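A structural walkthrough
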Amino acid sequence: MKSNIEWNDVIKKEAKGIDDEDLGEVQEVQGNYVLVQKGIINKEKFYIPKDQAESYDGDVLRFR
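Residues numbered from 1 in each chain as written. Predicted model: local features only at pLDDT ≥ 70, side-chain atom pairs only at ≥ 80, totals over all residues. Heavy atoms only, no water.

A tally of regular secondary structure across the chain gives zero helices and six strands. Going residue by residue from the N terminus, the α and β elements of the chain occur as β-β-β-β-β-β. Rg of the C-alpha trace for the chain: 11 Å, near the compact-globule value of 11 Å for 64 residues, within the 12% margin. Judged by the C-alpha coordinates and their principal axes, the chain covers about 35 × 25 × 20 Å. The burial tally for the chain puts 31% of its 64 residues in the buried class. Looking at the chain as shown, the accessible area adds up to about 4,300 Å², and 44% of this sits on carbon and sulfur atoms. Across the chain, the centroid of the 10 positively charged side chains sits 4 Å from that of the 14 negatively charged ones. (Helix = DSSP H or I, 4+ residues; strand = E, 2+ residues; numbered from the N terminus. Rg over C-alpha atoms; globule rule 2.2 N^0.38 Å. Buried < 20%, exposed > 50% of the residue type's maximum accessible area, 1.4 Å probe, protein only. Areas by Shrake-Rupley, 256 points an atom, 1.4 Å probe, with all protein chains shown as cover. Lys, Arg positive; Asp, Glu negative; His and termini not counted. Charge placed at Lys NZ, Arg CZ, Asp CG, Glu CD.)

Written out as structure tokens, the structure reads:
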């Protein structure tokens, strides 16, 4: 499923999880992980395995 995602395109795009949960913005893609960051002042960072990515529509990277 992840093979249709162009990983270079997802940087600075929105990341969403199950039930449209806002995961923040994609900061970088490293190896098998995607780093997303949420928040302005108290930034939360998450490393999400690439194999959890479900789809990318050009604006939003969705994770299951």
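Moving on, there is more to tell.
Here the focus is the pairing of strand β3 (residues 33–38). Relative to β3, strand β2 (residues 22–30) runs antiparallel, the two being bridged by five bridges. The partner of Gln30 across the bridge, within β3, is Tyr33. Of the pairings in the sheet, the one linking β3 to strand β4 (residues 44–49) comprises six bridges and is antiparallel in character. Each residue of the ladder has a partner; that of Val34, found in β4, is Ile48. The loop that links β3 with its antiparallel partner β4 comprises five residues; one of these, Gly39, has a positive phi angle of about 105°. (Pairing = 2+ DSSP bridges.)

Here we take up the environment of Lys16. Within the fold, Lys16 resides in strand β1 (residues 14–16). C-alpha separation for the pair Lys16 and Arg62, spaced 46 residues apart in sequence, amounts to 4.9 Å. Sequence-distant contacts of Lys16, defined by excluding residues within four places in its chain, comprise Glu21, Leu23, Val60, Leu61, Arg62 and Phe63. (Contact = heavy atoms within 4.5 Å.)

Our focus in this paragraph is the side chain of Gln37. Structurally, Gln37 can be placed in strand β3. Among the residues examined, Gln37 registers a relative accessible area of 15% and is labelled buried.

On to unusual backbone geometry, then. Of note, the phi angle at Lys12 is positive, near 70°, even though the residue is not glycine. With respect to the element layout, Lys12 can be found in the segment before β1. Lys12 sits in the exposed class, given a relative accessible area of 52%. We note that Asp19 has phi near 55°; this positive angle belongs to a residue other than glycine. Structurally, Asp19 is set in the loop between β1 and β2.

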